[in-house]
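The chain contents come next:
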Amino acid sequence: MGTVFSFDVRTDGDADRERVRAGLAAAVAGLHHVDEVFSPYRPDSQISRLAVGELALADCEPDVAEVFRHCAAEERLSEGWFTPRYTGGLDPTGLVKGWAVQRAVEMIASSGAAAVCLNGGGDVQLHGGPWRVGISDPLHPGALAAVVEAHDTLAVATSGPAERGCHIVDPHSGGAPAAGPASLTVVCRGLTQADARATAAYAMGPGARAWLERLPGTEGFGVAADGSTWQTSGFARHLAGRGDGEGRAA
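This is a predicted model, so every value here is computed, not measured.

**Details of the overall build of the protein**
Helix and strand counts for the protein stand at 6 helices and 9 strands. Within the protein, buried positions represent 48% of all 250 residues. When contacts within the protein are restricted to residue pairs at least 6 apart in sequence, long-range pairs at least 24 apart make up 62% of them.

Given below as structure tokens:
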């Protein structure tokens, strides 16, 4: 998927460590398989073949239909600000990485791990805890804008141009988002939704905060181009101090 994945897995005294190791190996293999199936950069992937009409959706693996069901739900929820069709073809990459990371964490957790942190290119899915996840300050490399604390299942996804330039497109205009923030972070239970909603919210620009406020179980944190910040009304309950906590920068 063109990025780095890092795992932090904890077991307790009663865990079968060999079983957890097997779960971790299966999760890693699953991520590689997702890349083979969904990468738009592989001409032989099912997504690439689907996009050019060489393959029908009914002939793809069941995971492909599942991902597009998630995409359709997030497209309806965001009123088209998230879409897998903005390029004119089919490209679910705005959601599939989060979906793959969430599924990988669920596999490791089901193997008996007490706590799991999986960071996929800066987007994080957590199980168990406690964890602290730093939200990078997009205007001051190496600094943190906020720290999220979790004691159970939680996902943290951030969108913005700081790492890769402006790679998010306004699906209504086809151009860069108008008045986009320096970064926008979404926190909710699953990274499938957090990843897609962070993308949609960043594309919305000034309308993001009001939209996120309306979504149940979803909170947001934005850093504006001038360095000012905003947060939805429930985001504060996820905040932690800036001590020496464990976790990864998002």
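**A word on the sheet that holds strand E2 (residues 115-120)**
Within a sheet, adjacent strands bond to each other through the backbone by hydrogen bonds, running parallel or antiparallel. Taken together, the 7 strands give an open sheet; going across it, the order is E1-E2-E3-E6-E7-E8-E9, and neighbouring strands pair in antiparallel fashion. Taken across any chain shown, the strands that pair with only one partner, and hence form the sheet edges, are strand E1 (5-10) and strand E9 (229-231). Taking the axes of each pair of neighbouring strands and ignoring which way they run, one obtains an average angle of 10° across the sheet. Judged from the 5 bridges that link them, strand E7 (residues 183-188) and strand E8 (residues 219-223) form a sheet pairing that is antiparallel. Bridge pairing links Thr185 to Phe221 in E8. In the packing of helix H4 (residues 93-110) onto the sheet, the strands contacted are E1, E2 and strand E3 (123-127), and the crossing angle to E2 comes to about 160°. Set on the sheet, helix H5 (residues 191-204) makes contact with E3, strand E6 (154-159) and E7; between it and E6 the angle comes to about 25°.

**Some remarks on helix H3 (residues 62-77)**
For H3, with 16 residues, the first-to-last C-alpha span of 23 Å sits near the 22 Å given by 1.5 Å per residue. Burial in H3 covers these residues: Asp63, Val64, Val67, Phe68, Cys71, Glu74 and Glu75. Angularly, the buried residues of H3 cover 130° about the axis, an arc narrow enough to put them on a single face. The exposed set on the far side of H3, more than 90 degrees from its buried face, consists of Pro62, Arg69 and Arg76. If you follow the buried residues of H3, they end up packed against helix H1 (17-38), helix H2 (46-51), H4 and H5. Once H3 ends, the next one or two residues include Glu79, with phi positive near 55°.

What counts and how
- Residues numbered from 1 in each chain as written.
- Predicted model: local features only at pLDDT ≥ 70, side-chain atom pairs only at ≥ 80, totals over all residues.
- Heavy atoms only, no water.
- Helix = DSSP H or I, 4+ residues; strand = E, 2+ residues; numbered from the N terminus.
- Buried < 20%, exposed > 50% of the residue type's maximum accessible area, 1.4 Å probe, protein only.
- Contact = heavy atoms within 4.5 Å.
- Pairing = 2+ DSSP bridges.
- Axes fitted to C-alpha atoms, helices over the stretch in contact; angles between N-to-C directions.
- Expected span 1.5 Å × (residues − 1).
- Arc of directions from axis to C-beta.

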